[in-house]
Each structure stands twice: as structure tokens, then as C-alpha cells.
Amino acid sequence: MTALIETRPAVFPTQLTKHIGLRDTVSQTFTMAYRALIRLRRTPEQWADVLLMPFIFTFMFAFLFGGAIAGSVSDYLPALIPAIIVQGVVQASVVTGTQLREDMDTGVFDRFRSLPMARIAPLAGALMTDTIRYAAITALTMLVGALIGWRPGGGWGIVLAGLLVIVTAWAVSWIWALLGVTARTAGTVQGIAMLIMMPLTFFSNAFVPTSTLPDWLRPVADANPVSHLITAVRELTISGTVGWDVLWTLIGAVVIVAVFAPLTVRAYIRKA
Amino acid sequence: MITGPAIEAEGLVKVFGTNRAVDGVDLRVEQGAVYGVLGPNGAGKTTTISMLATLLRPEAGAARIFGHDVVAEPNVVRQLIGVTGQYASVDEKVSGLENMIVFGRLLGLSHREAKRKGLELLESFGLADAAKRPVGKYSGGMRRRLDLASSLISQPPLIFLDEPTTGLDPRTRGQMWDVIRGLVEGGSTVLLTTQYLDEADQLADRIAVIDRGKVVAEGTADELKGMVGTSSLLLRVADAAQTLVAVAAVEQVLGTTATVTPEAARVTAPMTDPERVTDLLIRLREQGIRLDEISVQKPTLDEVFLTITGHTAETADEAAEDEEVAA
Ligand SMILES: Nc1ncnc2c1ncn2[C@@H]1O[C@H](COP(=O)(O)OP(=O)(O)O)[C@@H](O)[C@H]1O
Ligand SMILES: [Mg+2]
């Protein structure tokens, strides 16, 4: 280090603004998304599991249950791949909450709070980058499926299915974001999220047809929003059909965002 | 340019549970000055800065930065300040340059401008070689410099520095002092907190001594020293083994309690009558004690602190820690 550090003279801002406009808010959100991207690149270990999951689950379920449930592996894949995608993406959405908690606990958030920037930008930026993770899981699972014989006939429906999954996961991540903003530690977020996620993903039509479930459980599994999403994705990938379940899923996503986004933003601004 | 003080605060209060962390702090900092907030650990320095920098909302009282209220106009205040916290507010996971780019862009610079300015600042803070390395691999001193560099991107007219040299080695501390002096020469106002009495003495034009959330004294370093009223004797014995004999002699002749500073085996004692020094020197000669150093000076800020608060900085520190445990 040189002995003498050159410092620059102070600049008194010529124009002081009381509030942050929409344009600045958007540009700051993109900057925060950019930051999240750099962090992704710098911490590959944090998303290695996210990328491994599609491989492990696809192989495990296909070869373990394929014969028992559908007679053969290739007959099981059209039902299985959508389930793995939905399960993987919904699980990955929890990371939004845990990372937000961890991030808010680090000193750099103190700096964000002292900068003249929109309070919402760090939150919005983080959620924006998370969609990249969902896209990666979706694409990877489809690729693994194709490698072991998944041949969907849905055409453009496959792309629509991917988009539907990403939009829904983004909506669901608002739930974990609220948990992340209010919980004490990242571990708490993880714990609570798992408690909700496990029954939600398994008491569904994900891995077995609901007709095989006991009478008391079947209506629960049929009403489960995860089941609707999986059905929608199956119909889209198998035949390109845009069924009622697509609508139900989108309505569900809108309701989640309408409820949780304002709650999260309020809790976040109060804390930040 | 704006006239009037850089900081005006009246009756700031912040309570954590039952702990009145900041309990009615008044401050007035003129533009272009270095203002020192001096106090032991737990005195409420960080909490005070947090309220002035819009990071915490005061529970009572008001503060204005260049005339702008911190609660009513936080965004305006944020455009006028740079904050270097006690703990580095930078992203450990990414590189120093990436940090600077993100902060620059958030301040409204384009990506290219943010990068250019970031590189420039990193270079002037001696971090050019480390620009591409993750901050997690930086040393404590490097992190501090990066943190300070990050606060200077917008060249703010008011800079808060929360214990900028705590934990730094003497050489790096000297460099930090040079930086602070340079900032003031460039027209910035600096509010710095410190636990080091000599740091406040060296840098600050005015000093507020803060203890348990209250300002217990305010003034220039000389004024604060003057508050103690008497002069202070300092001597160092050539043969350390004779230190205790010297202490006994000092106490007998001056009639006050002498203290031995552990690191340098120096003996200090307050004096009411400087004339007595002659008597003391004769006594020491009689006892065959040779001196390396002797001086009569105005009291140090350490002694000021003792006089004002009735306890030393160290015991205040422990008291605060006890409270934390109890809380
Ligand atoms: N977020 C907090 N929650 C509860 N107590 C706090 C918090 N921040 C500081 N304190 C307490 O407030 C007092 C003042 O703390 P602080 O302002 O950090 O002192 P300093 O910076 O002078 O060391 C301490 O007793 C500390 O324990
Ligand atoms: Mg502090």
C-alpha cells in the first residue's frame, strides 16, 4: 500500500430528491439481481444440490417405482418428469427465504440501508434472480428425462409448461420470502418450510395416482394445489392441452402473490 | 453549498428493551470539522451513528443533517452521507471491485462509470492488486479500507466513521488518520467514534465524551483536558525494578495516588502544585533512582474520562458487558 492515500474533494449534490422514482427503483432492482448473479457464480457450492436433485430424483424414482407403478420405466416417465420438475422447483423456492435471511444478516445490508436507494430493490432483485434457478431445474430435469427415454408430444406445450412452473415457483417464493424476512435464522426458515413442503409435495398426485389413495386422503390430494400444477404440466407436456388446471394454478399463483407480496414488503421495509 | 451545521441533534433516545442505549444525546457538528465521539464499548456510539445515518429510527428527539430531518427526509439525508460501520459493510462473497460496481450502480452510475470509479478508488486505497479477489480473503485492514472506499464513491459531504481504527496495527492506523485528514482538507465533514483517547485528541476539532448513552462532556481536546484543572506528572524509571520504590516516593512527596501504566512502566500522578517536582527530584536522587524521562503536562484524556465519569474507560466497558449479560 502506498503511504499516502489520495482522497477526492467532497461533492455537494446539486439536486436532492425526496423520493425514489420508478425508473431508479427498476434500475436498482436490476443491479441487485446482477449482484445475486455474481454471488451465484462465486458460490457454486450453494446451488450444486439444486442442479443435482433432478438427476438423483429422476433416476431414483424412474428405476425404483417405474416397474411397480406403470409397468415399465418409459411408461412412467410422462407422469414422473412433470412431478420431479414441480417438486424440485417448489423445493428450490425455499432457498429464496433462507438466502434472504442470511443476506440480511450480513453487514452489506447495512450499507444498502444507508444508500439513497429503493427499500424494495434488494428483495425484488433476489426474487428476480431466483427465476433463473427455476429455469435451470426445469431444463435439466427435462434433459435427464429425455436421456432415459422421455418423449413428450406436447410441442409448444412443453415450453408453456416450463413457463407455468417458473411463474408458480416465483409466486410461491414470496411465502418463503416472508418467512425469511421475519424469521430469526435461516435454519428456522428451512425447518418451517420443510414442515409445509413435505406433506404438500407428497400428499399429491406427484408419484402415485390419487385413485390408489385411501378414501379420506384422496380428496385432500386432489385439492392440493401442487396436484393441480402437476396435472397442468402433464397435460401440457403430453399433448399440449391447456386444461382447467392451468387456470387453477395461475389463480392460485395470483392469490399467493396478492397476499404474500404486500405482507413481505411491509415486514421487510419495517426491518430495513 | 449550504450554510449551517452539518449535524444537529437534540435529545436523541433509543431504548433496547429496558436498556437505554442512547439516552438524550445532543450534538452539533460544524461543517468542515472532524468531530470525535469518544466512549467505551457499549456507550451508545454505534446506536447514535445509526440514528444519524437513518439506519435506526430514534424513539425521541430529532436530528438534522445539513438541515434535513433524518426521519422526515431519510432519502435526502442518504444522498449527503457516507457510512463506514464498525463492522465492514461489504459483501464477503464477491470481489472488491464487484462490491464497488454494485454500490456505484446503486448510486446511479452506469456500469462503466461504476467500474472506472471503483478501480480508481481501489487503487488509491492500495487495493488494486486485490480488486478481483473475494473480500472473504482480505485481511482486516484491507476490509476496512474497502469499506471506507465504498463510502466515498459519491464523495459525500458528511462521512460517518464508526471506530475506523479499532483492531488495526499502528501503521495502518496512521494511514487511516492521514485519510481522514485528507477528507477534511477536501471539504468533507467527518464524525468519527473511537475508544482511543489519543485518536480523538489527534484528529478531532471537538470531542463529545459519551458514557451510558449520555454526553457527559463536550468541547475541544484542550477544553476537556482543562476540565481536570491540574497538571499531571509523568516519569519513567531507568531500571524497571525500581518502579515501585519510585511510586512510593511520588505518593509520599505529592500526596496523591500514582498509577503505573503496564506497557511502558511509566508512572503518572496528578499534581496540585508543580513546585513539588523539585522536592520529588531531590528525593529520587537521594534514593538512587535514575530516570529516563520526566515531564509535567496537562492531563491525558484518560484522566479526563476518569474525572468526568468517576470510572475509567475499562470499568465502563465491563459494566456495559455485565448489563448485556443481564439483558
Ligand atoms: N440491536 C440491539 N439490540 C439490543 N441491544 C443493543 C442493540 N444494539 C446495541 N445494543 C445495546 O445498546 C448499548 C449501546 O450499544 P452501542 O451503540 O453498540 O455502543 P458502542 O458502539 O458505543 O459500543 C449496548 O449496551 C448494547 O448492548
Ligand atoms: Mg460500536
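Just so you know, the residues in each chain are numbered from 1, in the order the chain's sequence is written. Note on labels: chains are lettered from A, ligands numbered from 1, in written order. Under the rules for a predicted model, residues below a pLDDT of 70 receive no local features and side-chain atom pairs below 80 are neither given nor counted, while totals for whole chains, interfaces and linings still include all residues. With hydrogens and water set aside, each side-chain value is computed from the structure's full complement of heavy atoms.

### With respect to the domain arrangement of chain B
Next, step 1: As used throughout, domain bounds are those supplied by an automatic or database domain assignment. You can read the domains of chain B as domain 1 (7-224) and domain 2 (230-298).
Next, step 2: Look at where the C-alpha atoms of domain 1 of chain B and domain 2 of chain B centre, and you get two points 40 Å apart.

### A closer look at the pattern of salt bridges
Next, step 1: One speaks of a salt bridge when a side-chain nitrogen belonging to Lys or Arg is within 4 Å of a carboxyl oxygen belonging to Asp or Glu. Scanning all chains against the criterion turns up 26 salt bridges over all chains.
Next, step 2: The salt bridge partner of Asp91 of chain B is Arg39 of chain A, with a shortest N-O separation of 2.8 Å. Remark: Arg39 of chain A occurs in helix α1 (residues 22-42) and Asp91 of chain B occurs in the loop between β6 (81-84) and α3 (96-106); the pair is interchain, linking two chains.
Next, step 3: Overall, the relative accessible area of 4% leaves Asp91 of chain B in the buried class.
Next, step 4: Between Asp23 of chain B and Arg20 of chain B there is a salt bridge, and its shortest N-O distance comes to 2.9 Å.
Next, step 5: Classification of residues uses two cut-offs on accessible area relative to the type maximum, computed with a 1.4 Å probe and protein chains only: under 20% is buried, over 50% is exposed, and between them is partly exposed. Given the relative accessible area of 17%, Asp23 of chain B is considered buried. Strands are runs of DSSP state E lasting at least 2 residues, helices are runs of H or I lasting at least 4, and numbering of each runs from the N terminus.

### A word on the site of ligand 1
Residue and element names in this part refer to chain B.
Next, step 1: Among the twelve residues in the neighbourhood of ligand 1, the closest are listed as Gly42, Gly44, Lys45, Thr46 and Thr47.
Next, step 2: Polar contacts, as used here, are pairs of N or O atoms within 3.5 Å; protein pairs need one atom able to donate a hydrogen and one able to accept it. Residues neighboring in sequence count only if both atoms are side-chain atoms. Residue Asn19 places a side-chain N or O atom 3.0 Å away from an oxygen atom belonging to ligand 1.
Next, step 3: Between ligand 1 and Gly42 there is a distance of 2.7 Å, counted from an oxygen atom to a backbone nitrogen or oxygen.
Next, step 4: Sorting the residues of the shell around ligand 1 by element identifies β2 (19-29) and α1 (45-52) as the ones contributing at least two each.
Next, step 5: The element contributing the most residues to the shell around ligand 1 is α1, with three residues.
Next, step 6: Note on residue classes: Ala, Val, Leu, Ile, Met, Phe, Trp, Tyr, Cys and Pro are nonpolar, Asp, Glu, Lys and Arg are charged, and everything else, Gly too, is polar. Here the residues of the shell around ligand 1 are counted per class, giving four nonpolar, six polar and two charged. The rule for a residue being near a molecule or strand is that one of its heavy atoms must lie within 4 Å of it.

### Some points on the pairing of strand β1 (residues 7-16) of chain B
All names here are of chain B.
Next, step 1: As paired strands, β1 and strand β4 (residues 60-65) are joined by five bridges and run antiparallel to one another. Its bridge partner being in β4, Ile7 is matched across the sheet by Ile65.
Next, step 2: Two strands form a pair only when DSSP identifies at least two bridges running between them. When β1 meets β2, the two strands line up antiparallel, connected through eight bridges. The residue of β2 that forms the bridge with Val15 is Arg20.
Next, step 3: In this structure, the hairpin formed by β1 and β2 is closed by a connection of two residues, where Gly17 is found at a positive phi of approximately 65°.

### Thoughts on the sheet that holds strand β5 (residues 68-69) of chain B
Residue and element names in this part refer to chain B.
Next, step 1: Overall, antiparallel pairing links the four strands, which are arranged β2-β1-β4-β5 in an open sheet. The open sheet is flanked by β2 and β5, the only strands paired with a single partner.
Next, step 2: Helix-sheet contacts for α1 involve β1, β2 and β4, and the interaxial angle to β1 is about 120°. Residue contacts are defined here by distance: any two heavy atoms, one from each residue, within 4.5 Å place the two residues in contact. For every element, the axis is a line fit to its C-alpha atoms; helices are fit only across the contacting stretch, and the angle between N-to-C directions ranges from 0 to 180 degrees.

### Some thoughts on helix α5 (residues 140-151) of chain B
Residues and elements named next belong to chain B.
Next, step 1: With twelve residues, α5 ought to run about 16 Å at 1.5 Å a step, and its terminal C-alpha atoms sit 17 Å apart, in line with that.
Next, step 2: Counting buried positions along α5 yields eleven of twelve residues, so the element is predominantly enclosed.
Next, step 3: Gly141, Met142, Arg143, Arg144, Arg145, Leu146, Asp147, Leu148, Ala149, Ser150 and Ser151 are the residues of α5 that are buried. Expected helix span is taken as 1.5 Å per residue step, with the number of steps being one fewer than the number of residues.

### Re the packing of aromatic side chains
All names here are of chain A.
Next, step 1: A pair of aromatic rings is counted whenever rings of Phe, Tyr or Trp (Trp by its six-membered ring) have centres within 6.5 Å, and the orientation is called stacked for planes under 30 degrees apart, edge-to-face for over 60 and tilted otherwise. Inspection of every chain in the model, using the stated rule, returns nine aromatic pairs over all chains.
Next, step 2: Considering the side-chain rings of Trp170 and Trp174, the 5.9 Å spacing of their centres and the 90° angle between planes classify their relative orientation as edge-to-face. In this pair, Trp170 and Trp174 are both assigned in helix α6 (residues 156-182), four residues apart and thus about one turn of the helix distant.
Next, step 3: Ring geometry for Phe202 versus Phe207: centroids 5.7 Å apart, planes at 35°, classification tilted.

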